[in-house]
Amino acid sequence: ITGATEIYQEEVVEILSSPSTNVSVPAGYLLTDDEGYTVNQYETDITTLADEFITKYIIGATDQTFEEFVETANQYHLEEVRACYQAAYDRFLAR
């Protein structure tokens, strides 16, 4: 399993360091007040959780699997935040 972990770590580093990887959202889409409240309430904790997991995963300092990370992130209301951004993006596309 150690070999598989090293392969995944290399893939993560490659993806995150790729200049063609675009994780931004289009300018001009807006969250509603309720969506903004939800995002502001949870996003910082989710971002911190993800940053810490990614760093530890890359350097091999965690035994947590990606599936376990996702379960933890869902406990931090990841799905609610994702739904807010999805709704804003859907409104943007409908313009």
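Just above sits the structure.
Overview of the structure. Small disclaimer: the values here were computed from a predicted structure and weren't measured. (Residues numbered from 1 in each chain as written. Predicted model: local features only at pLDDT ≥ 70, side-chain atom pairs only at ≥ 80, totals over all residues. Heavy atoms only, no water.)

Considering the environment of E11
In this fold, E11 is placed in helix α1 (residues 2-17). Given the relative accessible area of 41%, E11 is considered partly exposed. Separated by 47 residues in sequence, E11 and I58 have C-alpha atoms that sit 9.5 Å apart. (Helix = DSSP H or I, 4+ residues; strand = E, 2+ residues; numbered from the N terminus. Buried < 20%, exposed > 50% of the residue type's maximum accessible area, 1.4 Å probe, protein only.)

Re helix α4 (residues 78-94)
Given 3.6 residues per turn, any residue in an α-helix points the same way as the ones three and four places further on. The first and last C-alpha atoms of α4 sit 24 Å apart over 17 residues, in line with the 24 Å expected at 1.5 Å per residue. When α4 is considered as a whole, its buried residues turn out to be V81, C84, A88 and F92. Relative to the axis of α4, the buried residues are bounded by an arc of 75° and lie together on one face. Across from the buried face of α4, at angles greater than 90 degrees, the exposed residues are L93 and A94. Where α4 is buried, its residues touch α2 (33-59). (Expected span 1.5 Å × (residues − 1). Arc of directions from axis to C-beta. Contact = heavy atoms within 4.5 Å.)

Side note on α2
Compared with an ideal rise of 1.5 Å per residue, which puts 27 residues at 39 Å, α2 spans 39 Å between its outermost C-alpha atoms and is within 8% of the ideal. Every buried residue of α2 is accounted for by E35, G36, T38, V39, Y42, I46, L49, A50, F53 and Y57. Two residues or fewer after α2 comes G60, characterised by a positive phi angle close to 75°.

Things to note about the side chain of E35
Secondary-structure assignment places E35 in helix α2. In this structure E35 comes out as buried when scored by relative accessible area, which is 10%. Dropping the residues within four chain positions of it, E35 is found in contact with L30, C84, A87, A88 and R91.

Things to note about the nonpolar core
Formed by L49, A50, F53, Y57, F69 and A73, the largest nonpolar core amounts to six residues. Among the secondary structure elements, those contributing two or more residues to this core are α2 and α3 (66-75). For this core, the element with the most residues is α2, which contributes four residues. Among residues more than four places away in sequence, those in contact with F53 are T62, Q64, T65, F66 and F69. By size, the runner-up hydrophobic cluster in this structure holds five residues, among which are V39, Y42, V81 and C84. (Core = buried A, V, L, I, M, F, W, Y, C linked by side-chain atoms within 4.5 Å.)

Observations concerning unusual backbone geometry
Even without being glycine, H77 reaches a positive phi, approximately 75°. Among the secondary structure elements, H77 is positioned in the loop between α3 and α4. The class for H77 is partly exposed, based on a relative accessible area of 27%.

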